[in-house]
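In case you want the letters, here they are:
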Amino acid sequence: MKKYIVRSFLIFILLLSNTIVNTQQKPTIAVIGTGYVGLVLGVCLAHSGNHVICADIQKNKIDQLSKGISPIYEPGLEELLRESLQKNTISFTTDTAQAIRDADIVFIAVDTPTKTSGESDLTALINVTHTIAQNLTSYKIICIKSTAPIGTCTYIKELIKNSKNSSCDFDMACNPEFLREGTAVHDFLNPDRIILGTDSEKVSSVLREIFSSFCPSAPVLTTNFETAEMIKYAANSFLATKISFINEIAHLCEALGAYVNIVAEGVGLDKRIGKSFFLPGPGFGGSCFPKDVTALLHMAQANNVDLKVVKACLDTNDAQKMHVVDKILSHCNGDVRNKTICILGLAFKANTDDVRFSPAITVIEQLTAHGAQVKVYDPKAMVTMKKVLPHIEYCASVEDALAKSDMVVIMTEWEEFKKLDLEKIKNRSHNPIIIDTRNILNTTTLRNLNFTYENIGNAQINSY
Ligand code: UGA
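Residues numbered from 1 in each chain as written. Predicted model: local features only at pLDDT ≥ 70, side-chain atom pairs only at ≥ 80, totals over all residues. Heavy atoms only, no water.

1. With respect to the overall build of the protein
Point 1. Counting secondary structure elements, the protein contains 19 helices and 14 strands.
Point 2. Overall, the C-alpha framework of the protein stretches about 105 × 50 × 45 Å when taken along its three principal axes.
Point 3. Expressed as a percentage of its 464 residues, the buried residues of the protein come to 50%.
Point 4. At a minimum sequence separation of 6, the contacts of the protein that also span at least 24 residues come to 73%.
Point 5. Surface exposure of the protein reaches about 22,400 Å², of which carbon and sulfur atoms provide 54%.
Point 6. Measuring between centres, the 46 positive side-chain charges of the protein sit 5 Å from its 49 negative side-chain charges. (Helix = DSSP H or I, 4+ residues; strand = E, 2+ residues; numbered from the N terminus. Buried < 20%, exposed > 50% of the residue type's maximum accessible area, 1.4 Å probe, protein only. Contact = heavy atoms within 4.5 Å. Areas by Shrake-Rupley, 256 points an atom, 1.4 Å probe, with all protein chains shown as cover. Lys, Arg positive; Asp, Glu negative; His and termini not counted. Charge placed at Lys NZ, Arg CZ, Asp CG, Glu CD.)

2. Some points on the packing of aromatic side chains
Point 1. All told, the structure shown has 5 aromatic pairs when counted by the stated rule.
Point 2. With centroids separated by 4.6 Å and ring planes inclined at 25°, the aromatic side chains of F188 and F214 adopt a geometry described as stacked. Taken together, the residues F188 in helix 8 (residues 184-189) and F214 in the loop between helix 9 (201-212) and strand 8 (220-223) connect sequence positions 26 residues apart.
Point 3. On the basis of relative accessibility, which here comes to 3%, the residue F188 falls in the buried class.
Point 4. Their ring planes at 85° and their centres at 5.8 Å tell us that F284 and F289 sit as a pair that is edge-to-face.
Point 5. A relative accessible area of 5% means that F284 is categorised as buried.
Point 6. Taking relative accessible area as the criterion, F289 reaches 12% and is therefore assigned buried. (Phe/Tyr/Trp six-rings, centres within 6.5 Å; stacked < 30°, edge-to-face > 60°.)

3. Details of the site of the ligand
Point 1. What surrounds the ligand is a group of 19 residues, the closest being F178, L179, E181, K232 and N236.
Point 2. A distance of 2.7 Å separates an oxygen atom of the ligand from a polar atom in the backbone of E181.
Point 3. At 2.7 Å from an oxygen atom of the ligand is found a side-chain nitrogen or oxygen belonging to N236.
Point 4. Alone, the ligand offers 710 Å² of accessible surface; in the complex the protein occludes 92% of this.
Point 5. Breaking the shell around the ligand down by element, the ones donating at least two residues are helix 10 (225-256) and helix 12 (289-302). (Near = heavy atom within 4 Å. Polar contact = N/O pair within 3.5 Å; in protein donor to acceptor, adjacent residues only side chain to side chain.)

4. Digging into the packing of helix 6 (residues 123-134) against helix 7 (residues 152-163)
Point 1. In contact at an axis separation of 9 Å, helix 6 and helix 7 are set at 35° when each is read in the N-to-C sense. Like other packed secondary-structure pairs, helix 6 and helix 7 cross with a definite hand, here right-handed. Contacts between helix 6 and helix 7 involve L125, I126, T129, H130, I132 and A133 from the first element and T152, Y155, I156, L159, I160 and S163 from the second. (Axes fitted to C-alpha atoms, helices over the stretch in contact; angles between N-to-C directions. Left-handed = near helix turned anticlockwise from the far one by under 90°.)

5. Here we look at the sheet that holds strand 11 (residues 393-394)
Point 1. Read across the open sheet, the 6 strands follow the order 11-10-9-12-13-14; overall the sheet is parallel. Where the open sheet ends on each side, the last strands, each with one partner, are strand 11 and strand 14 (453-455).
Point 2. Here 4 bridges tie strand 9 (residues 340-344) to strand 12 (residues 407-410), and the two strands are oriented parallel to one another. Within strand 12, the position partnered with L344 by the bridge is I410. (Pairing = 2+ DSSP bridges.)

6. Focus on the packing of helix 7 against helix 10
Point 1. It is at 8 Å that the axes of helix 7 and helix 10 come closest, and there the two elements cross at 130°. One way to sum up the angle between helix 7 and helix 10 is to call them oblique. Of the residues in helix 10, those in contact with T152, C153, T154 and K157 of helix 7 are F225, E226 and E229. (Parallel < 35°, antiparallel > 145°, perpendicular 65-115°, else oblique.)

7. Quick word on helix 3 (residues 59-66)
Point 1. Of all the residues in helix 3, the buried ones are K61, I62 and L65. Buried residues of helix 3 fall within an arc of 95° about the axis and therefore sit on the same side. For helix 3, the exposed residues set more than 90 degrees away from the buried face come down to K59 and N60.
Point 2. Contact partners of the buried residues in helix 3: helix 2 (36-47), strand 2 (51-55), helix 4 (77-86) and strand 3 (90-93).
Point 3. Backbone geometry just downstream of helix 3 places G68 in the positive-phi region, at approximately 85°. (Arc of directions from axis to C-beta.)

8. Description of the state of the cysteines
In a disulfide, the sulfur atoms of two cysteines are held together by a covalent bond.
Point 1. This model, assessed by the stated rule, comprises 0 disulfides.
Point 2. Just so you know, C174 is unpaired, no disulfide at all, and the nearest cysteine sulfur is the one on C153, 4.7 Å from it.
Point 3. Judged by relative accessible area, which is 5%, C174 ranks as buried. (Disulfide = S-S within 2.5 Å.)

9. Some points on the pairing of strand 6 (residues 170-174)
Point 1. Of all 5 residues in strand 6, 5 are buried; the element is thus mostly enclosed.
Point 2. By the alternation rule, side chains of strand 6 split into F170, M172 and C174 and D171 and A173, which are all buried.
Point 3. Pairing between strand 5 (residues 140-144) and strand 6: 5 bridges, direction parallel. Paired with I142 across the two strands is M172, which belongs to strand 6.
Point 4. Note that the unit made of strand 5, helix 7 and strand 6 has a crossover that is right-handed.
Point 5. Where strand 6 and strand 7 (residues 194-198) come together, 2 bridges link them in antiparallel fashion. Following the sheet pairing, C174 is matched in strand 7 by G197. (Right-handed = clockwise from strand over helix to strand, strands pointing away.)

10. Thoughts on the sheet that holds strand 5
Point 1. Taken in spatial order, the 8 strands make up an open sheet running 3-2-1-4-5-6-7-8, and their pairing is mixed. The outermost strands of the open sheet, each flanked by one partner alone, are strand 3 and strand 8. Going from strand to strand, the sheet's axes swing by 25° on average, the running direction of each strand aside.
Point 2. In this sheet, strand 5 lies alongside strand 4 (residues 105-108) in parallel orientation, the contact comprising 4 bridges. The residue bridging V106 from the neighbouring strand is I142, located in strand 5.
Point 3. Contacts between helix 7 and the sheet are confined to strand 5 and strand 6, with strand 6 contributing the most and set at about 160° to the helix.

11. Examining the pattern of salt bridges
Point 1. Tallied over the entire structure, the rule returns 21 salt bridges.
Point 2. For the salt bridge of K161 with E158, the shortest nitrogen-to-oxygen distance reads 3.3 Å. In this pair, K161 and E158 are both assigned in helix 7, 3 residues apart and thus about one turn of the helix distant.
Point 3. Of the charged contacts, one joins R356 and E181 as a salt bridge, the two residues approaching to 3.7 Å between their closest N and O atoms. Pair noted here: R356 is in the loop between strand 9 and helix 14 (359-369) and E181 is in the loop between strand 6 and helix 8, with a separation of 175 residues, a long-range link.
Point 4. Residue class for E181 comes out buried when judged on its relative accessible area of 6%.
Point 5. One salt-bridge network, held together by shared partners, links E181, D354 and R356. (Salt bridge = Lys/Arg side-chain N within 4 Å of Asp/Glu carboxyl O.)

Right, here's the structure in full:
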């Protein structure tokens, strides 16, 4: 009998210690959606030692990712993906339901594109919500990473509450992401701040623990769902407005002989304004600014609020792309029909293969509509651009694109273009006019080599 009691006691201790170990075990994290945000989130969490299951409905993507191949070009991402696969901290599946069932925390990172009305399309988000409701086999934290209109978290919470088919509980959170394409891994691992919208203290402490696994010193601002959602839209709209503002000033610099780069520096040295994100260019593009600014305007309109500044930011951005087209036309006396124009750069910015809303698309479409012969080159974004504009001439190198071109237009600030051998280009029998929409070429060299050139806002190197 005594023996039996001792054995039972030992078994009890063993079970208890197991429970303690389990409760101390890291939670399993599911990330639904392996786009830019979801994939970087999943890979970086796995890299930081968390157990991550990434789910996506696109089988091709999941097959590639399982083999350690990233479907997007993003510096550093593929290396971390392979490392995490090797360490078994990440896995990929098309079985979203199973991933949800296996997880303690579910991050939703599906896309929320813009409808023609300007409103965000929440179809993917709502589909995932239904899958969560049907697979709530244990308590889970559901965290929305996707940029979604203000009110979405509250709406999704109600939707799960009303459609779940188990008695299991759940909590919601909103954790907007601020990473930039091209520097996504670095931005994710080194955020300026973490925004957390929640109505639960428990969620706040569990997610803070997760955040501390990759950026222990980043400030965490905790607030309600609506405020967290608004912070994302306000941040992107402010940054987009800053760009439109400097693009307008650049336009005026061209008219009045001031140098926009020096103006931006002089203005940006005021700490209240800041020098970063103040570069004039061909207009902002990408999957975020145009979409988020449009969605914010739509929300404002639906609530009878007139966001004049934000509206002007979009109008100025459209005008900026046309300003580049006007520059090109004016160098050809308005007629580009017999001209071969070389476009260097297709991606909406450097270090990405993303061409969504790229200003290069507008410029190329306008030039071909005006009858120009267009040749293009981009170090990474040719495959993606071919799907959008299949009928232009894609060149294998800068050299090929330059051959017999009457004009070179730099649309993306790739390192390769910053190092163009201008002397070699000038010594060709056919030397082109240069339009540098990213202000990356040395204006002193261009002038000394007697190029006909133009940039945005009359940018110059200060030589005295
Ligand atoms: C943007 C925000 O910067 C991120 O914080 C945010 O997380 C992301 O949107 C998102 O909502 O997911 P992203 O679109 O990847 O990131 O790229 P940015 O580096 O912000 O560039 C956006 C556009 O502005 C590009 O076309 C870029 O060329 C242009 N830009 C940027 C300028 O014309 N001037 C600048 O000084 C900076």
